[in-house]
Amino acid sequence: MEQKVSAAADKPQMEQLIDIKQIWLTLLKYKWSILFFSLIVTVAASFVAKSKPSIYTATATLLIESKQAKAVSVEEVYGLDTRINEYFYTQFEILKSDSIALAVIRKMDLINHPEFNPELAEKEKQFDFSAAISNLLPFLNKAPNTVNELSTEENIYRLEQRVLGQFKQNLSIAPVRKTQLVDITFNSFSPELAAQIANEVGNVYIESNLDATLQVANKASGWLNDRLATLKAELQASESKLQNFLKQEGLVDIAGVGGLASQELNELTSQLNIARDRRVAAESLYNLAQSSTRNVTQVSAIPEISNHPVIRDVKLAVSEAERKISDLTKRYGPKHPKMKAAEAELASAKVNLDRELRQLVKGIGSEVTAARQAENSIRSEIESRKAEFQDLTVKTAKYSEFQREVDSNKQLYDLFLNRYKETSASSDFGSTIARFTDEAHPPLLPSAPNRKLIIVMAFVVSFGFACVVAFVLEALNDTFVSAKQVESTLGVSLLGVLPLVKAKKNKVSTYLYYDEKQRAFSEGVRTIRTSYMLSNMNNDNQSVIVTSSEPNEGKTTSAINLAFGLAQLEKTILIDCDLRRPTIGRRFELSAAQPGLANLIAGTHTFEECLVKDEVSGLDILSAGLVPSNPQELLASERFTMLLDKLKQRYSKIVLDTPPCLAVSDAYLLSQKVDSCILVTRAEHTRTGVVKQTLAKLVQQGIKIDGVILNRLNLKKAAKYGGHGNYHEYYGYAEKTKLSPVKQKPQTV
């Protein structure tokens, strides 16, 4: 549960990472330093801006053509492909190239212009002190002059390179987006020169493209001319081969001969098919007739035989004879003469039919033999013609090879001849790939430097830089600058704050508590007194040591004024326990021979001889006395412990001023003999780590820490930047104190 509560308590601190109020207070704290630094930088920037020469900017606009104006189409010869974006990017880079810049430099003789040649500018503006010293002290000039050792060409090259670098710094080539326009911008101290150079860059670019086109055309024409001679010779050689081949083979028209041979071969093939069909039909009929030779009826039933005209007539005669017999049978008997004559006629017709059938079958055999001979004759003719056709095919292939070579050489020759004529026709045509849409004119107003902007930016940047430095200094400042910082950093109570009091050098007023002019200081002492008494209300604490971490933190002043405040309420004694560098006796202007604590512990003087009473405050004072050689042994002695016990019986409050804790260990030793401790720290001086280290060591000794006094705090600054107000002036005093702030020498009791 406790962990959850602590986590909830830490959450707002984690969330509030940026303290706007603290940032504002930091800026207010360093406001005069920030403004002073910003003004100094702004004034310096204004002088620098005024000392810079005015720069004028002139811009010329070129239109890069996507297609060249040309007499004939020769893109293949020039190698230009204007259909792609890379073409325009290439032209932009050509405009930026060193060759264009060097051409402009040489054409306008910028090497001898002071703006581009630093040597000429230095000769015109200032005296060469190094040369003068070298002339007065020649023995110092022992280094070889490498410039003079170089040749004239090398010197000119080096000079051109320097001028080229300066030239390209002032030149800007910027294409206009989504157009074919490009801006040529040049910066110069002279408006006329800026316009001239911007225009000249465009002119040189156009001229260089014309020269390049002409050079390419001339080179292409020469190459094409040489190539044409070679191609012409190759064409003539191929034509000669073709003619020789035709003569050698005795061919006039290879295409006609080949067509005729092909036609004859097709006709022979058709005849062969017909002869084959004839032979097959004849063989089939012959075989059928041979198988039916003994049976006339079967032979006559064969369609091919029965349909023969002779057989058909004979069969008709047989049929007539049979019909006649049939008619006569109805009238006459078998032995009737007419019947006998009719039967004889029928027998004669049948004999005739048989004879004709046999004669026809014999003719079919002859037909088979003739068909076979005709087929074999045609087949042999076909084989002969095939051999001739194959030979002709080889000749045709050879002819086609020669003809293709002639055709290809002729086409290539015609192509190059056309390109040569086109190149010759366009080589003297002055086409341009760019033209001016706007020429540069001398500007009326300078483009740089923008003096107002420089001054404003110098102020803004210096102001921002000063603010950053202020935040860094504030972050690095780990001293106490406000009252609330003490408790939050150290974790102990803040008894009160003593304001910064202006005093003369090497002189600090002792009676600040009673000074009417230092009301804030006296109120701070009363606050410390009240806080001290409240912290010890339930404790019977009588003795308290007032110490600090380092010297010069105001522990003695705090101890004296705390004792003054306590003396107004109770009987109080102030003891100077800083036996190494005693201060209280000097503050109260006591004699150097005045005995004190060291004398009392040593037993050389009595308490009454050492005690001093201040008549202004009624405070009893025990100074350090004679500075001993062994101060720590005296403070650790039993006699000092007995002295404190006796003083507790006589006084209500005992205030001990001790040495700084980090300088010596006397304060830690005394902390074992007193009831509590008050730590004094100086505002804006002592580092927080040092105070933490001191408190840690005091806590290790087991001493009760009443709290911390923040000394020498600038209340005006704290009221403005730290939130620490000074409210006593609002109330004032109802009755002014009657004690005089004039110092009076304390009296020895």
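Okay, so let's go over this structure.

What counts and what doesn't
Along every chain, residues carry numbers that run from 1 in the direction the sequence is written. This being a predicted model, a pLDDT of at least 70 is required before a residue's local features are given, and a value of 80 or more before pairs of side-chain atoms are given or counted; all residues contribute to the totals for chains, interfaces and linings. Side-chain calculation: all heavy atoms of the structure are included, whereas hydrogens and water are not. Axis definition: a line fitted to C-alpha atoms, limited for helices to the stretch in contact. Angles are taken between N-to-C directions and run from 0 to 180 degrees. Secondary structure elements follow DSSP: runs of H or I no shorter than four residues count as helices, runs of E no shorter than two count as strands, and numbering proceeds from the N terminus. These descriptions rest on fixed angle ranges, namely under 35 degrees for roughly parallel, over 145 for roughly antiparallel, 65 to 115 for roughly perpendicular, and the rest for oblique. We call two residues contacting when some pair of their heavy atoms lies within 4.5 Å. All residues other than Ala, Val, Leu, Ile, Met, Phe, Trp, Tyr, Cys, Pro, Asp, Glu, Lys and Arg, Gly among them, are scored as polar; the first ten of these are nonpolar and the last four charged. Two strands pair under a simple rule: DSSP has to find at least two bridges between them. With a 1.4 Å probe rolled over the protein chains alone, any residue whose accessible area is under 20% of its type maximum counts as buried; one over 50% counts as exposed, and the rest are partly exposed. The term polar contact refers here to a pair of N or O atoms within 3.5 Å; inside protein, the definition further demands a hydrogen-donor-capable atom paired with an acceptor-capable atom, and it admits residues adjacent in sequence only when both atoms are side-chain atoms.

### Digging into the packing of helix 19 (residues 519-535) against helix 20 (residues 555-567)
- It is at 9 Å that the axes of helix 19 and helix 20 come closest, and there the two elements cross at 75 degrees. The angle between helix 19 and helix 20 places the two elements in the roughly perpendicular class. Here Phe521, Val525, Ile528, Arg529, Tyr532 and Met533 of helix 19 come into contact with helix 20, specifically with Thr557, Asn561, Leu562, Gly565 and Leu566.
- Looking at the contact of helix 19 with helix 20 residue by residue, the classes come out as seven nonpolar, three polar and one charged.

### Re the sheet that holds strand 3 (residues 181-188)
- Strands sit in the order 2-3-1-4 across an open sheet of four strands; the sheet is antiparallel. Strands with a single pairing partner mark the edges of an open sheet, and in this sheet they are strand 2 (171-175) and strand 4 (434-438). The average undirected angle you get between the axes of adjacent strands in this sheet is 30 degrees.
- Relative to strand 3, strand 1 (residues 56-64) runs antiparallel, the two being bridged by eight bridges. Residue pairing in the sheet places Thr59 in a bridge with Thr185 of strand 3.
- Running over the sheet, helix 5 (residues 85-96) touches strand 1, strand 2 and strand 3 and is turned about 145 degrees from strand 1.
- Against the sheet, helix 10 (residues 152-170) touches strand 2 and strand 3, its axis set at about 45 degrees to strand 2.

### Points about the side chain of Thr572
- Summarising the element assignment, Thr572 is placed in strand 7 (residues 572-576).
- Accessibility expressed as a relative area gives 2% for Thr572, which makes it buried.
- Polar contacts involving the side chain of Thr572 include one to the main-chain carbonyl oxygen of Leu566, which spans 3.4 Å.
- Reaching out from Thr572, the side chain makes a polar contact with the backbone oxygen of Glu570 at a distance of 3.1 Å.
- In contact with Thr572, other than residues within four places in its own chain, are Ala563, Leu566, Ala567, Leu619, Asp620, Tyr651, Lys653 and Val655.

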